[in-house]
Structures are given as structure tokens and as C-alpha cells.
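# Descriptive structure summary
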Amino acid sequence: MPAETIATQRPAAADSGAVKLKIAPLVDHLLSLRTGRLRSTTLFAQYCQCLRQLGIGLERATLHVPQLHPQISARAFLWLAESGGAMETGRRHGMQKSAFYLESPVRRIYEGAGQIRRRLSASDAPLDFPILEELKANGFSDYYMTSLAFSTGARPNAVSFAAKGDSSFSEADIALIEASLPALGAVLEVRHQRQTARQLLTTYIGPNAGERVLNGDILRGRGEVIHATLWYCDLRGFTELSEQLPSDEMIQLLNDYFEVMAQPVKGRGGEILKFIGDAMLAIFPIAGESEGKYCEACCKAILAAQEGLDGIAAFNEMRQAEAKPPIRAGVALSRGDVVYGNIGDAERLDFTAIGPAVNLATRLEGLTRDLDPPIVFTRDVAEASGRPFRHLGAFDLKGIALPQDAFTLA
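The present account deals with the structure reproduced in this document.

## Points about the packing of aromatic side chains
- According to the stated counting rule, one finds eight aromatic pairs in the structure shown.
- Between tyrosine 101 and tyrosine 110 the ring centres are 6.3 Å apart and the planes differ by 40°, which places this aromatic pair in the tilted class. Just as tyrosine 101 is buried, tyrosine 110 falls in that class too.
- A ring pair is formed by tyrosine 257 and phenylalanine 258, whose centres lie 4.9 Å apart and whose planes are at 40°; its orientation type is tilted. For the pair shown, tyrosine 257 and phenylalanine 258 are each scored as buried.
- Pairwise contacts between aromatic rings join Phe44, Tyr47 and Phe77 into one cluster.
- Note that arginine 335 overlies the ring of tyrosine 294, its terminal NZ or CZ placed 4.1 Å from the centroid.

## Structural notes on the state of the cysteines
- Going through the model one piece at a time under the given rule, you end up with zero disulfides.
- There is no disulfide at cysteine 48, and the cysteine sulfur nearest it, in cysteine 50, is 9.3 Å away.
- Residue cysteine 48 is classed as buried on the basis of its relative accessible area of 0%.

## Focus on the environment of glycine 210
- With respect to the secondary-structure elements, glycine 210 resides in helix H7 (residues 207–214).
- Sequence separation between glycine 210 and alanine 197 is 13 residues, and the spatial gap between their C-alpha atoms is 8.9 Å.
- The residues touching glycine 210, leaving out its near neighbours within four places in the chain, are Leu201 and Ile205.

## Some remarks on a nonpolar patch on the surface
- A cluster of nonpolar side chains, namely Val225, Val339, Ile343 and Ile354, defines an oily patch on the protein surface of about 310 Å² accessible area.
- With respect to the secondary-structure elements, isoleucine 343 resides in strand S10 (residues 329–345).
- Under the relative-accessibility criterion, isoleucine 343 is labelled partly exposed at 32%.

## A short note on the side chain of arginine 236
- Note that arginine 236 resides in the loop between strand S7 (223–235) and helix H8 (238–244).
- At 3.0 Å, the side chain of arginine 236 and the side chain of glutamate 365 are in polar contact.
- Here the side chain of arginine 236 touches threonine 368 through a polar contact of 2.5 Å, side chain to side chain.

## Here we look at the environment of glycine 94
- Within the fold, glycine 94 resides in the loop between strand S3 (86–92) and helix H3 (99–102).
- Glycine 94 sits in the partly exposed class, given a relative accessible area of 44%.
- In sequence terms glycine 94 and leucine 281 are 187 residues apart; their C-alpha atoms lie 31 Å from each other.

## Some details on the pattern of salt bridges
- Scanning all chains against the criterion turns up 16 salt bridges.
- Among the ionic contacts, a cluster of salt bridges with common partners joins Arg212, Asp217 and Glu224.

## A look at the packing of helix H9 (residues 247–267) against helix H10 (residues 291–321)
- Their axes nearest at 7 Å, the elements H9 and H10 cross at an angle of 145°. You can see that H9 and H10 cross each other, and the crossing is right-handed. Residue-level contacts link Leu253, Asp256, Tyr257, Val260, Met261, Pro264 and Val265 of H9 to Ala304, Glu307, Gly308, Leu309, Gly311, Ile312, Phe315 and Arg319 of H10.
- Here the contact of H9 with H10 is built from residues that sort into ten nonpolar, two polar and three charged.

## Re unusual backbone geometry
- For the bond from aspartate 372 to proline 373, the omega torsion is 0°, close enough to zero to count as cis.
- Counting through the fold element by element, proline 373 comes out in the loop between helix H11 (356–364) and strand S12 (375–377).
- With a phi close to 60°, alanine 323 is a non-glycine residue in the positive phi region.
- Position of alanine 323 relative to the elements: it lies in the loop between H10 and S10.

## Some thoughts on the sheet that holds strand S2 (residues 72–80)
- Spatial ordering of the open sheet is given by S3-S2-S1-S6-S5-S4, a layout of six strands whose pairing is antiparallel. Each end of this open sheet is capped by a strand with a single partner; those strands are S3 and strand S4 (115–118). When the angles between neighbouring strand axes are averaged without regard to direction, this sheet yields 15°.
- With seven bridges connecting them, strand S1 (residues 60–66) and S2 associate as antiparallel partners. Across the sheet, residue alanine 61 finds its bridge partner in S2, namely tryptophan 79.

## Section: helix H2 (residues 40–53)
- In a regular helix each residue adds 1.5 Å, so 14 residues correspond to 20 Å; H2 covers 20 Å between its end C-alpha atoms and thus fits that length.
- Those residues of H2 that sit buried are Ser40, Thr41, Leu43, Phe44, Ala45, Tyr47, Cys48, Cys50 and Leu51.
- At its buried positions, H2 is contacted by helix H1 (16–32), S1, S2, S3, strand S6 (157–164) and helix H6 (171–205).

What counts, and where the lines are drawn
For every chain, the first residue of its written sequence is number 1, and the numbers climb from 1 along that sequence. Local features in a predicted model are, by the rule used here, given only for residues with pLDDT of at least 70; side-chain atom pairs are given and counted only at 80 or more, and totals for whole chains, interfaces and linings are based on all residues. Only hydrogens and water are removed before side-chain values are computed, so all heavy atoms of the structure are retained for them. Pairing of aromatic side chains requires ring centres within 6.5 Å, counting the rings of Phe and Tyr and the six-membered ring of Trp. Pairs whose planes differ by under 30 degrees are stacked, by over 60 edge-to-face, and all others tilted. The buried label applies to any residue whose accessible area, calculated with a 1.4 Å probe on protein chains only, is under 20% of its type's maximum; exposed applies above 50%, and partly exposed to all values in between. Placement of a charge over a ring requires the Lys NZ or Arg CZ to be within 6 Å of the ring centre, with the centre-to-atom vector within 35 degrees of the ring normal. Disulfides are defined as cysteine sulfur pairs within 2.5 Å. Comment: elements are numbered from the N terminus, with helices defined as DSSP H or I runs of at least four residues and strands as E runs of at least two. Here, residues are in contact when the closest pair of their heavy atoms is within 4.5 Å. Residues forming no salt bridge and having over 30% relative accessible area are the ones grouped into patches, like charges within 9 Å of each other and nonpolar side chains (Val, Leu, Ile, Met, Phe, Trp, Tyr) within 5 Å. All accessible-area figures derive from a Shrake-Rupley calculation using a 1.4 Å probe, and residue coverage is judged against the displayed protein chains alone. In what follows, salt bridge is the name for a side-chain nitrogen of Lys or Arg lying within 4 Å of a carboxyl oxygen of Asp or Glu. Pairs of N or O atoms are called polar contacts if they sit within 3.5 Å, as long as, within protein, a hydrogen donor faces a hydrogen acceptor (for residues adjacent in sequence, only side-chain-to-side-chain pairs). Here an angle of 0 to 180 degrees is reported between the N-to-C directions of two axes, which are lines fitted to C-alpha atoms, with helices fitted over the stretch in contact. By definition, turning the near helix anticlockwise from the far helix through less than a right angle yields a left-handed crossing, and turning it clockwise yields a right-handed one. Under this grouping Gly is polar, as are all residues other than the nonpolar Ala, Val, Leu, Ile, Met, Phe, Trp, Tyr, Cys and Pro and the charged Asp, Glu, Lys and Arg. If DSSP finds at least two bridges between two strands, the strands pair. Each helix should span, by expectation, one fewer than its residue count multiplied by 1.5 Å.

Read these as geometric descriptors, not functional statements.
What follows is the structure, encoded as C-alpha cells:
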């Protein structure tokens, strides 16, 4: 919102009519941003700057938003007037047990406290949170935190405001802040819901597939034919391990194994399509029909296989130090056209890839049992990769009509 569109005269008292009139430009501006692509940090910074333009002596503000996310439990935003911008920090799961959280006013708001007000300039001001001692030591004179609700009725967000030096918040200031919060909450909720949907789709079906679904590619049977290198890995001796280990230890082992194998795939530009028990299927899409593109995708897939297996070796060293049995895995690669799209029941769909190249990769993987390194691939992958390779022979594979030539690294 342009600075000149906000009046600078403070209301003399917290009259509801005067407050609504005063805050109207800010509310209109916030609501106009609901469909925009402005970053949340920029949105929050604009909001804080606009409050200052209304004559509120705001020097510091924070925003705390709980998240439905596999790695972080909340996002925290910090705005400082001296910098003009806002910073975002992710709070990881488990931080709720830390002293940082347990001794914070955010916890009180999350647990139902409506508001927290501390006049830090007063000699008898209760400094009942460590952050208040820090703020007072840095010259802050007034602190106000309140809840910021979303329409879903879930755990409230928390937002705080602090003044510095000789400034303090008048009742009119607090009334203006309170009047602006529903609009801020409405804009943040739209962004929060879309961000949550995108993150969950990315987590469960991958970034490319997730973006397609979010943008409306959801009809069963709809898909596109793409050319890709297929990447498939499988954990050896899973049945034996699952019988030996407690369920929680088995789950942790699978998570560790998948993380070791997934990181190089993602790092090399591949996309993980699904985890199938103790197996993982990924693709390296080939954009264009040139030998250079074929070579690039196949090289990246082979490098990801080598890096993943190197990671397994390092992981086994740690397991050996803990007197735990090693794990073994194999990787198979194929290349071809696959149908990439929505497949499944009318009410339960999977966004995945199907085609002969997928079946071939899953069947080839069984040949890796006696290989070192345990990597096997088809002739077209071998020839496109430009890497030294050796022919293993032609093999009859279950579900594949003709014998298939198999290759490994020389």
C-alpha cells in the first residue's frame, strides 16, 4: 500500500467507528493480496510498515504459524523496523520440549491465552518470559502478543508487537492492531492452506506430480507419454530383517535406507515416484530427443546409483560400530516411454508412471545379487551413458516376453 494512502493522525480514543475508518486502507490492501504471489515474509513486512505509517510506534513484530509438515512444526517470522524486512525460521518437530518453547509467550498463546501485555518500561513490569528480559535489556518499552485465528478453528497462530525507547502502545494503538488482524489472518490463511497442500503433495507424490495435481491434473486415466530413464532400487533380505528387528527399529532402518538412496536421486535431478515396501521407483525425465539429452539422463541415473550405494557402505560402517548387521541393496536402470499420470480407483488415485520400461527395471534388479557394484542396466542405458560397461548376458525375466541383454559398469 502506498504510504500516502494511510493517514498519519492517531485516533484520540479507541472508538470503534474511528478505528474502522482509520484501518480501512490497510485492510483493503491486505485483502487485495489474497490471490497474489507475494512471499509471506514480504507480506508481513508490508503489514508492519503500514502499522507504522498509521502512527503506531512499532519497532519489532513476530508471527508464529503452526505447520502440517513432516519436518517442521511451525514457521516463525521476525520483523525489525531497523532492517525493514522480515526473516522466516522453521521450528523443527521436538522443539516443543525445549526450554526455548516451554518458557516462551508463544506457548501460552498456543495453549489458549488470548493476550499477553507487558509494559516493560515500568519498574515493576513482570519479566516472566526470557524474551521479555532480552527485550528490556535492548531498550524495548512495551510488548503485546495476541492470538491470530484461522477459520478452520485449529490451534491459533501467535503475533507479537513491541515498541522501543519512549514509545508505548496506547489503547487506540492496540485497537488499531486488533482491527487489522482479521484481514491479516484471512490473507495468511489462504497462503497457508495452499502452501500446506503443495508441501504435502510434494512429500507424498513428488514435486512435479504434486504441482500437476495442485494445478488441476486430477482426472483418472489422464496422463502424458514421456521418455525417461527408470531408476529402481530394492533392499536385500527385508523379510529376514523384519523378523529379527522390533517394528520401530525396522521402520527407522527403512527410513535411513530410503534417505540414503533418495538424496542422490533428488540431487541429480530425478523424481521419486513411490516407495513400494522396501523398494523405491524414480524417474529421470529426458527433455528432447537428442543423444545429448539421453546421455545426460542416463549418466545422472548411474551417478545417483553409485552415490546411493556408496551411502549404503558408509551407513553399514556405522551399523557395524553398533554391532548391527549390514544391509544390502541393488539398483536397476532402464529407458523408454512411460505413461505419466493418474491411475487407480475412482476415489483413490496414484500419480505414477507405467509402461514396459518400468516393468523391465523391476525385473532386472534381481540380477544385481552377485554384482559389485550391484548396478545393472539395459543396452540403451549403457550406450547412451558413455560410461565403460560390460555385458552380463541375455536373461529370461519374469513377465518379459523376450530375453533381455543386461549390462553393468566395467
